[in-house]
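# Architecture at a glance
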Amino acid sequence: MEAFLSVVDHGSLTEAAVQLGRSLQAISRSLASVEEDIGVVLIHRTTRHCQPSEAGAVFYERIKPAIGEIREAREQVANRRSEPSGVLRVGAPILFGPKFLVPIIAEYMTSFPQTEIDLQLSDEFSDLATEKLDLVIRIADLPDSGLQSRQLGSLRRVVFGAPSYFAKSGWPGHPRDLRHHNCLVRTVDRQPGQWSFQIDGRVRLIKVQGSFRSNSMTAIYSAASSGLGLGYSPLWQINHLVATSKVQLVLENFEPKPVPIHALWQEHRLAPAKVRAFIDLLALRLKLNGL
C-alpha cells in the first residue's frame, strides 16, 4: 500500500522506487499484489506515466490517512529512546541564518554531540526534497503545501531614514506623504517601488520613487544611513542601525501586518528525533522581541 501511495504521489514506478529505496521490480510486484488482492486496476500504466484509475483515486483518498497513522506509530516507537544523531540539513535566509540561527546551532551541537549541521543559506524558497533538506526557515505567509510547519514568531516591516535626511526633508506623517520624499527602491522586488501599509484597517500599496535604486538591501541600508532617502525593510535587518541611532523609524502606526516566520519539514507528522529536537530548541531560544 505504501508503494501504491508513492506511485500516485510521484506519477511513476521508477520515482516511487527511488523515494522508497526499493527496486523497480519490488514496487511493481507490490502494486500488482494490491490490485490482485482488491480485484480492480488501481493504476493505469504507460511507458512514461502512471495515473490512478477512478477506483484507484477513491482507494488512495481512503487509505492515505490510515497509512500515515501506521507510519507515525511505527516511527514514534522507533524514535522513542533515540538521541538526535547524524547530519541535520537546514535551509535559511542569507542574512537571518548567521545572526539568529548559528548561536542556536552551536547550543544544539553541544547538547547533541552525535549530530552534524549542514546549513544552506539562500533567499530562494528551497524545495526540501530536491535539495535534500531536513527543514527550512521561511519568513513569509505560507502557501498551502504538504509540508508540516511550526510558527516561531513574526517580523515587522518598517520605514526608516537617517536623522540628517529628516533634518533636511522633514518627517512623513502618513504613507501618502511619501510621494514628496526620496525613497530608496530595491529593483529586484516582485513589485519594485510598491510599499505595503495598513491604512484604515486595510492593506494598501503605496507607489514610491527616488533617485537611488539598487538590487542590494545592504546598499540601501548604507544609502539610508548616509541620508540619501527613506528605506523600507524588515526591522530585524536594520535593528543594529536603529539601536545606534544611525536611522530612525517613521510611520509606525501604519506598519503592515508582521510577516510570520516558520520552521517547515517534510510531510510526515512525526519528524525524526534530530529534527524535533532542533525545532524545540528554536522555539525556546529564538528571541525576536518586537522585531
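Reference entry: report on the structure contained in this document. All figures in this text were calculated on a predicted structure; none of them were measured in a lab.

Calculation rules
- Residues numbered from 1 in each chain as written.
- Predicted model: local features only at pLDDT ≥ 70, side-chain atom pairs only at ≥ 80, totals over all residues.
- Heavy atoms only, no water.
- Helix = DSSP H or I, 4+ residues; strand = E, 2+ residues; numbered from the N terminus.
- Buried < 20%, exposed > 50% of the residue type's maximum accessible area, 1.4 Å probe, protein only.
- 1 Å grid on protein atoms, 1.4 Å probe; cavity = no way out; pocket = protein on both sides within 12 Å on 5 of 7 lines; lining within 4 Å.
- Points joined across faces, edges and corners; volume = space filled by probe spheres on them.
- Nonpolar A, V, L, I, M, F, W, Y, C, P; charged D, E, K, R; others polar.
- Pairing = 2+ DSSP bridges.
- Axes fitted to C-alpha atoms, helices over the stretch in contact; angles between N-to-C directions.
- Contact = heavy atoms within 4.5 Å.
- Core = buried A, V, L, I, M, F, W, Y, C linked by side-chain atoms within 4.5 Å.

It is worth spelling out unusual backbone geometry at this point. Backbone geometry at Asp200 places phi at a positive 55°, although glycine is not the residue there. With phi around 65°, Ser245 is a residue other than glycine that occupies positive phi space. By secondary structure assignment, the location of Ser245 is in the loop between α9 (235–243) and β13 (248–250). The exposure class assigned to Ser245 is exposed, which follows from its relative accessible area of 52%.

The space that makes up the largest pocket amounts to roughly 1700 Å³. Lining the largest pocket are 45 residues, with Ile139, Arg157, Arg186, Asp189 and Pro234 positioned closest to its centre. Sorting the residues of the lining of the largest pocket by element identifies β3 (86–92), β5 (135–139), β8 (185–186), β9 (194–199), β10 (202–207), α8 (217–225), β12 (231–234) and α9 as the ones contributing at least two each. Residue composition of the lining of the largest pocket, by class: 23 nonpolar, twelve polar and ten charged.

This part takes up the sheet that holds β12. Sheet strands pair via backbone hydrogen bonds, and the direction of the pair is either parallel or antiparallel. Here three strands make up an open sheet; going across it, the order is β12-β7-β13 and the pairing antiparallel. In this open sheet, the two edge strands, each paired with only one partner strand, are β12 and β13. Mean inter-strand twist for the sheet, computed between neighbouring axes without regard to direction, equals 50°. Of the pairings in the sheet, the one linking strand β7 (residues 157–161) to β13 comprises three bridges and is antiparallel in character. Bridge pairing links Val159 to Val250 in β13. On the sheet, α9 packs against β7, β12 and β13 and is oriented at approximately 115° with respect to β12.

A word on the nonpolar core. Membership of the largest hydrophobic core comes to 41 residues, with the highest contact counts inside it found for Phe96, Ile137 and Ile238. Apart from residues no more than four positions distant in its own chain, Ile137 is found in contact with Gly91, Ala92, Pro93, Phe96, Leu101, Leu152, Ile261, His262, Ala263 and Leu282. Counting residues in hydrophobic clusters, the runner-up holds 18 residues, among them Leu5, Val7, Phe59 and Ile67.

Turning next to the side chain of Ser196. Topologically, Ser196 is positioned in strand β9. Classification of Ser196 by relative accessible area gives buried; the value is 12%. Apart from the residues within four sequence positions on either side, Ser196 is in contact with Arg157, Val203, Arg204, Leu205, Tyr232 and Pro256.

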